[in-house]
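Coordinate analysis (summary)
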Amino acid sequence: VREEVAFETDRNPPVDVALEGFVPRALYPEKPESRRAMLFSTTLWGYSDQGRAESNIAPSMAGDLYGAGGWQWVLIGAACWGLLLGVLDGWSWQLSPSARAVLIASLALLAAGGIERDFPRAVATLLQNAVVLVGYAMLLVRALGLEPARHEAPRSIAVPASSP
């Protein structure tokens, strides 16, 4: 495949994540639209069928990163994805069990499905959803006047000695 489709060495996946995920089109009207899936479907997926219509089939996260320049991008992307999931998981342990369940239910499917999407779209979508979920939770807590659960120190209980 390498001889047929050259590496896209002009791409920088972390910059693509920043552009796609956090720069609104209102500020950057020329922001490129992610077309990785459409390009993949017409170049490699439908390689033998030149008349094949475009479809939304991404090359997978690893395939997208490899196409950006080889194995070094796959390793960098895997480290970034693992770091992102680790940060979200570490943060989730600070929440109450019910809030953690909501977070996991909301983000787990995005994380699992992310490996089948192109890298910038998967990372940007997961980050955007996490930010929106946190913002919504903060607004809800403020609107309802709720306070975070306070964890009290465990108390010792005196057990009377039993007489024989």
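Up top you'll find the structure we're talking about.
Here we summarise the structure given alongside this text.

What counts and how
- Residues numbered from 1 in each chain as written.
- Predicted model: local features only at pLDDT ≥ 70, side-chain atom pairs only at ≥ 80, totals over all residues.
- Heavy atoms only, no water.
- Salt bridge = Lys/Arg side-chain N within 4 Å of Asp/Glu carboxyl O.
- Helix = DSSP H or I, 4+ residues; strand = E, 2+ residues; numbered from the N terminus.
- Buried < 20%, exposed > 50% of the residue type's maximum accessible area, 1.4 Å probe, protein only.
- Axes fitted to C-alpha atoms, helices over the stretch in contact; angles between N-to-C directions.
- Parallel < 35°, antiparallel > 145°, perpendicular 65-115°, else oblique.
- Left-handed = near helix turned anticlockwise from the far one by under 90°.
- Contact = heavy atoms within 4.5 Å.
- Nonpolar A, V, L, I, M, F, W, Y, C, P; charged D, E, K, R; others polar.
- Core = buried A, V, L, I, M, F, W, Y, C linked by side-chain atoms within 4.5 Å.
- Expected span 1.5 Å × (residues − 1).
- Arc of directions from axis to C-beta.

Observations regarding the pattern of salt bridges
Within the structure shown, the criterion is met by one salt bridge. Close ionic contact of Arg-100 with Asp-89 constitutes a salt bridge, the shortest N to O distance being 3.1 Å. Of the two residues, Arg-100 sits in helix H5 (residues 97–114) while Asp-89 sits in helix H4 (residues 71–92), which places them 11 residues apart along the sequence. By relative accessible area, which is 17% here, Arg-100 ends up buried.

Some remarks on the packing of helix H1 (residues 13–22) against helix H6 (residues 119–144)
Interaxial distance between H1 and H6 falls to 8 Å at its minimum, and their mutual angle equals 45°. What the angle tells us is that H1 and H6 run oblique. Pair H1 / H6 crosses with right-handed handedness. Of the residues in H6, those in contact with Pro-13, Asp-16, Val-17, Glu-20, Gly-21 and Phe-22 of H1 are Phe-119, Pro-120, Arg-121, Val-123, Ala-124, Leu-127 and Gln-128. Classifying every residue of the contact of H1 with H6 by side-chain character gives eight nonpolar, two polar and three charged.

With respect to the nonpolar core
Counting residues in hydrophobic clusters, the biggest one holds 17 residues, and the most contacted among them are Trp-81 and Leu-126. Every residue in contact with Leu-126, bar those within four places of it in the chain, is listed here: Trp-81, Leu-84, Leu-85, Leu-88, Leu-107, Leu-110 and Ala-111.

A short note on H4
The terminal C-alpha atoms of H4, which comprises 22 residues, lie 31 Å apart, in line with the 32 Å expected from a rise of 1.5 Å per residue. Buried residues of H4: Trp-73, Val-74, Gly-77, Trp-81, Leu-84, Leu-88 and Ser-92, and no others. Looking straight down H4, one finds that the buried residues subtend no more than 100° of arc, so they occupy a single side. Along H4, the residues that are exposed and aim more than 90 degrees away from the buried face are Trp-71, Leu-75, Ala-79, Leu-83 and Val-87. Residues of H4 that are buried make contact with H1, helix H3 (61–67), H5 and H6.

Treat this as a map of the structure, not an account of what it does.
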